[in-house]
Amino acid sequence: ILLKTQPVRVRDIASPEVFSPNGDGRNEILPITFTAEPSAFNAAQDQVTLSIRDGGGKIWRAQSWTNQVPGRFDWDGKDQAGSPAPEGDYVAAFDTLDVAANRTNAASKPFALVRKLETVDLALSRFTVSPAKKETVEIVPTFSASRFFKAWQVDLSDGKGARFLLGRKNDATP
């Protein structure tokens, strides 16, 4: 007798590129969505384990399911003990096992955990300018972590509230 089995598989893994569980109320949770296809034989015993791993392979958070796999896991940026995981790049790795001992694995694209707000520092070539003397000032922006900037804009306002656009960029590079 030949019994062919199809192991449980995880596919369609999706998550945002970056999240920031830093208490500011924005992007506090990383939703990881996926589809688990049950095995062809005795799917009630299928096991799926999700591991949140850093770039070195260290597991920071793990969750296992048998039979009822939810299709979504929300990571709060904490390790198994409830302590904050460090900033860095991570993946959601799935390992599966069926009753016939077939194993499969799959992983998400890397995503980043960032706790600090990204900042822009402006360096000025001078602190005062006289338009009557046709003086100019050079403004040089320095970005804290340009990897996650999607867009930026620098405005200048005078003492009367008038605003002037100094620069803008609408792609991922500063």
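Residues numbered from 1 in each chain as written. Predicted model: local features only at pLDDT ≥ 70, side-chain atom pairs only at ≥ 80, totals over all residues. Heavy atoms only, no water.

Visitor: Could you clarify how one ought to interpret the overall build of the chain in this entry?
Guide: Broken down by element type, the chain carries zero helices and 13 strands. Secondary structure elements of the chain, listed N to C terminal, follow the sequence β-β-β-β-β-β-β-β-β-β-β-β-β. The buried share of the chain, taken over its 174 residues, is 25%. Restricting to contacts in the chain with at least 6 residues of sequence separation, those with at least 24 account for 50%. When the accessible area of the chain is evaluated, it comes to approximately 11,400 Å², of which 51% is carbon and sulfur surface. (Helix = DSSP H or I, 4+ residues; strand = E, 2+ residues; numbered from the N terminus. Buried < 20%, exposed > 50% of the residue type's maximum accessible area, 1.4 Å probe, protein only. Contact = heavy atoms within 4.5 Å. Areas by Shrake-Rupley, 256 points an atom, 1.4 Å probe, with all protein chains shown as cover.)

Visitor: Please explain the pairing of strand E5 (residues 59-66) as it appears in this structure.
Guide: Successive residues of a regular strand alternate their side chains across the two faces of the sheet. Summarising the sheet, strand E4 (residues 47-54) and E5 pair through seven bridges and their orientation is antiparallel. By the bridge assignment for E5, Val48 is matched with Trp65. Hairpin remark: E4 followed by E5, antiparallel, with four residues in the connecting loop; positive phi at Gly57, about 90 degrees. (Pairing = 2+ DSSP bridges.)

Visitor: What's the story with the pattern of salt bridges in this structure? I'm lost.
Guide: Working definition: two side chains of opposite charge can pair if their charged atoms are close together. Throughout the structure, instances matching the rule amount to five salt bridges. The residue Arg53 makes a salt bridge to Asp95 at a minimum N-O spacing of 3.1 Å. Linking Arg53 in strand E4 with Asp95 in strand E7 (residues 88-97), this pair joins segments that are 42 residues apart in sequence. Taking relative accessible area as the criterion, Arg53 reaches 24% and is therefore assigned partly exposed. Its salt-bridge partner being Asp76, residue Arg61 comes within 3.6 Å of it at the nearest N-O pair. Placement of Arg61 in strand E5 and of Asp76 in the loop between strand E6 (72-75) and E7 is noted, with a sequence separation of 15 residues between them. The class of Arg61 is buried, set by a relative accessible area of 19%. (Salt bridge = Lys/Arg side-chain N within 4 Å of Asp/Glu carboxyl O.)

Visitor: Would you mind showing me how to read the sheet that holds strand E3 (residues 30-37) here?
Guide: The pairing of strands in a sheet comes from backbone hydrogen bonds and takes either a parallel or an antiparallel form. Taken together, the three strands give an open sheet; going across it, the order is E1-E3-E6, and neighbouring strands pair in antiparallel fashion. Among the strands making up the open sheet, the edge pair consists of strand E1 (9-14) and E6. When strand polarity is set aside, the average angle formed by the axes of neighbouring strands in this sheet is 25 degrees. In the sheet, E3 pairs with E6 via four bridges, with the strands oriented antiparallel. Residue pairing for E6: Thr33 is matched across the bridge by Arg72. (Axes fitted to C-alpha atoms, helices over the stretch in contact; angles between N-to-C directions.)

Visitor: Just checking my understanding: could you explain unusual backbone geometry for this structure?
Guide: Keep in mind that most residues, glycine aside, have a negative phi and that most peptide bonds are trans. Here Asp12, not a glycine, exhibits a phi torsion of approximately 55 degrees, which is positive. Relative to the assigned elements, Asp12 resides in strand E1.

Visitor: What is the right way to look at the packing of aromatic side chains in this model?
Guide: Here the distance between the centres and the angle between the planes together describe a pair of aromatic rings. Applying the stated rule across the entire model yields seven aromatic pairs. Ring geometry for Phe19 and Trp75: centres 5.5 Å apart, planes at 50 degrees, overall tilted. Taken together, the residues Phe19 in strand E2 (residues 18-19) and Trp75 in strand E6 connect sequence positions 56 residues apart. Residue Phe19 shares its accessibility class with Trp75, and that shared class is buried. Among the aromatic side chains, those forming a connected cluster through ring pairs are Phe19, Trp75, Tyr90 and Phe111. Positioned above the aromatic ring of Trp60 is the side chain of Lys58, whose terminal nitrogen or guanidinium carbon lies 4.0 Å from the ring centre. (Phe/Tyr/Trp six-rings, centres within 6.5 Å; stacked < 30°, edge-to-face > 60°. Lys NZ or Arg CZ within 6 Å of the ring centre and 35° of its normal.)

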